Structure formats: structure tokens, C-alpha cells
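Close look at the chain arrangement
The chain contents come next:
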Amino acid sequence: MDDVRLSLHFTLAEFCNPSRYPANVPTTQQIANMIYGCLMLLEPAREAIGCPIIINSGFRNPRVNTLVGGVASSQHLQGQAADIRPKDPAKFQQLVGFLKAHALTDQLLTGPGWLHISWAPFRPPRHDVRIGYYK
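Report follows, based on the coordinates. Treat the numbers as computed from the prediction; the structure is a model and nothing was measured.

Taken as a class, soluble globular proteins show a tendency for nonpolar side chains to be buried jointly. Phe-15, Ile-84, Leu-95, Leu-99, Leu-115 and Ile-117 are the most contacted members of the largest nonpolar core, which totals 25 residues. Elements with a contribution of two residues or more to this core: helix 1 (12-16), helix 2 (28-49), strand 1 (53-57), strand 2 (81-86), helix 4 (92-101) and strand 4 (115-118). When residues in this core are grouped by element, the largest group, six residues, is from helix 2. Discounting chain neighbours no more than four positions away, the residues touching Leu-95 are Ala-45, Ile-49, Ile-53, Ile-84, Arg-85, Pro-86 and Leu-115.

Okay, here's the thing in C-alpha cells:
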């Protein structure tokens, strides 16, 4: 899983964290959803802010989702969400601004120094943006 690339700068291992959650293995459809998110949102965001993006939490199977306190309807379960932060903390507001304005953002919820971003490959994005959602 470590060397499986979803896009130029993102790997499956970053999304699944197999060292901590070895049984957190996605289906082919969930991997396709992650590829969509990487190509359509995360790679363009990385290019726009000019620095790497760190994935704190990506794909979660139901067990992992429960362990981390995720909601039952979390898009993480489908490989359609990631909790991220820029490697350079000074780029955080720039990252938020880019994703807030992006037409394919389904949901953007910000926390202190990190944000939740989701995408919707099979329906129009909601563009649900909540700044300061996580305290």
C-alpha cells in the first residue's frame, strides 16, 4: 500500500494509515473516489498554495471511523473526504481560500490549523462551507 500512488503527490497509505490501522483497506470504488479527490481538489490545492498537503485522516472503514469518533454518515467511509493541513502552517488561510472558492468542494469545515474537505463524484457538490466549525 505504501507505494500505491493515487496521484502525483498522494499515496494510498497516506489516506489509509496502514501502520496504525492495518485492516483499513478500501474497495476499488473507494480507491477510485480517493483518486477523484486527489486529482480534482488536492493536487490543484497543492499547486495553488505552493507547498505539500499533509493528510491527517483520509479513508476510514467503519471500525476506524468509530475509533476516531467519526459520524455514521461520514464521507471518509466512501473515500470521499480527507482531514488535511498544509505542511507550511503559514499557508493555511490560502488553502482555505482556494478550497472555499473551488467549484468541486462538497464540504469544507475548518478547525485550528486543519480542515475537513469532501468531494462528491456522483452528484453536484453542496458547497457547504463552515469556517471555524471545529473549535
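The next thing to look at is the state of the cysteines. Applying the stated rule across the entire model yields zero disulfides. Cys-16 carries a free sulfur, and the closest cysteine sulfur to it, the one in Cys-38, is 11 Å from it. Note on Cys-38: relative accessible area 0%, which makes it buried.

Basis of the calculations
Residues numbered from 1 in each chain as written. Predicted model: local features only at pLDDT ≥ 70, side-chain atom pairs only at ≥ 80, totals over all residues. Heavy atoms only, no water. Core = buried A, V, L, I, M, F, W, Y, C linked by side-chain atoms within 4.5 Å. Buried < 20%, exposed > 50% of the residue type's maximum accessible area, 1.4 Å probe, protein only. Helix = DSSP H or I, 4+ residues; strand = E, 2+ residues; numbered from the N terminus. Contact = heavy atoms within 4.5 Å. Disulfide = S-S within 2.5 Å.

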